[in-house]
Amino acid sequence: MKILLPVDGSDLSLHETRFALQLVRGGLSASFVLANVQAPASFYEIVTAQDPALIEDAALEAAEDLIAPSAQLLREAGVPFETAVVAGAPAQAMLDLIEIHRCDMVLMGSRALGPWRRLIEGASVSRRLIDDAPVPVLLVKPPAED
């Protein structure tokens, strides 16, 4: 089974990676696609950049730094994975990655948006994936606050 695991270097992202490893230790035979979605370059960045490749390189370097902690956990556990870095709207980018990498499932965290934030920001990325992904989406709740 190939699982898309969006990561951003946050503590929540590491929590999701550890949960994925629990599934593997429990007997799930899986490989992972560690994905990071970068915001596309702004109009200002494009216009002022002396070299557009510099913007791309900076985004790639940032993404690699954000993926590194989760990659290290999977590497230490001997779990196969590949990485994917894309720019764009997060939900659409992940929907594209599901198809490109032929993923069988998405494992991602959920952040509960309150009704006001949901009204202002619209549907969350996880909600969009639940609604639109052609594969199952497993949401990992954040760890309980002590």
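On a predicted model such as this, the values are computed, not experimentally measured, just so you know.

Caption draft 1: Representation of unusual backbone geometry in the model. Even without being a glycine, Arg102 presents a positive backbone phi close to 55°. Relative to the assigned elements, Arg102 resides in the loop between α4 (90-100) and β4 (105-109).

Caption draft 2: The pattern of salt bridges, seen in detail. In this structure the tally under the stated criterion is three salt bridges. Of the charged contacts in the structure, one is a salt bridge between Lys2 and Glu82, with a shortest N-O distance of 3.0 Å. A residue pair is termed long-range when its members are at least 10 positions apart, and Lys2 in strand β1 (residues 2-6) and Glu82 in strand β3 (residues 81-87) qualify at 80 residues. Given a relative accessible area of 21%, Lys2 falls into the partly exposed group. By relative accessible area, Glu82 is classed as partly exposed at 31%. As a salt-bridge pair, Arg128 and Asp132 come within 2.8 Å of each other at their nearest N and O atoms. Of this pair, Arg128 and Asp132 are both found in helix α6 (residues 125-132), four residues apart, which corresponds to roughly one turn of the helix.

Caption draft 3: The arrangement of the sheet that holds β1 in detail. Taken together, the five strands give an open sheet; going across it, the order is β3-β2-β1-β4-β5, and neighbouring strands pair in parallel fashion. In the strand order of this sheet, the two ends are held by β3 and β5 (137-140), each with one partner. The average undirected angle you get between the axes of adjacent strands in this sheet is 25°. As paired strands, β4 and β5 are joined by four bridges and run parallel to one another. Within β5, the position partnered with Met108 by the bridge is Leu139. Packing of helix α1 (residues 11-25) onto the sheet brings it into contact with β1, β2 (31-38), β4 and β5, and relative to β4 it is tilted by some 135°. Together, β4 and β5 form the strand contacts of α6, whose direction differs from that of β4 by roughly 160°.

Caption draft 4: Molecular detail of the environment of Arg127. For Arg127, the location among the structural elements is in helix α6. Sequence spacing of Arg127 and Val137 is 10 residues, and the spatial spacing of their C-alpha atoms is 9.6 Å.

Caption draft 5: Structural view of the nonpolar core. Ranked by internal contacts, the top residues of the largest apolar core, which has 17 residues, are Ile3, Leu5, Phe32, Leu34, Leu74 and Leu107. Considering every element that reaches this core, the biggest residue donor is helix α3 (residues 52-77), with four residues. Setting aside anything within four residues of it in sequence, one finds Phe32 in contact with Ile3, Leu5, Ala20, Val24, Leu74, Val79, Pro80, Phe81 and Glu82. With 14 residues, the next largest nonpolar core counts Leu4, Met108, Leu129 and Ala133 among its residues.

Caption draft 6: Representation of the side chain of His101 within the structure. Positionally, His101 belongs in the loop between α4 and β4. On the basis of relative accessible area, His101 is assigned to the buried category, the value being 16%. Ignoring anything within four residues of it in the chain, the contact list for His101 reads Lys2, Val33, Glu82 and Ala84.

Caption draft 7: Broad picture of the confidence of the model for the protein. Put simply, the protein has an average pLDDT of 84, and 76% of its residues get 70 or more. In the model of the protein, helix α5 (residues 115-121) stands out as the element of lowest mean pLDDT, 47, in contrast to β1, which has the highest, 97. Across residues 116-122, confidence stays below pLDDT 50; counting only partners more than four residues off in sequence or on other chains, it has six contacts.

Definitions and limits used
- Residues numbered from 1 in each chain as written.
- Predicted model: local features only at pLDDT ≥ 70, side-chain atom pairs only at ≥ 80, totals over all residues.
- Heavy atoms only, no water.
- Helix = DSSP H or I, 4+ residues; strand = E, 2+ residues; numbered from the N terminus.
- Salt bridge = Lys/Arg side-chain N within 4 Å of Asp/Glu carboxyl O.
- Buried < 20%, exposed > 50% of the residue type's maximum accessible area, 1.4 Å probe, protein only.
- Pairing = 2+ DSSP bridges.
- Axes fitted to C-alpha atoms, helices over the stretch in contact; angles between N-to-C directions.
- Contact = heavy atoms within 4.5 Å.
- Core = buried A, V, L, I, M, F, W, Y, C linked by side-chain atoms within 4.5 Å.
- pLDDT = per-residue confidence, 0-100.

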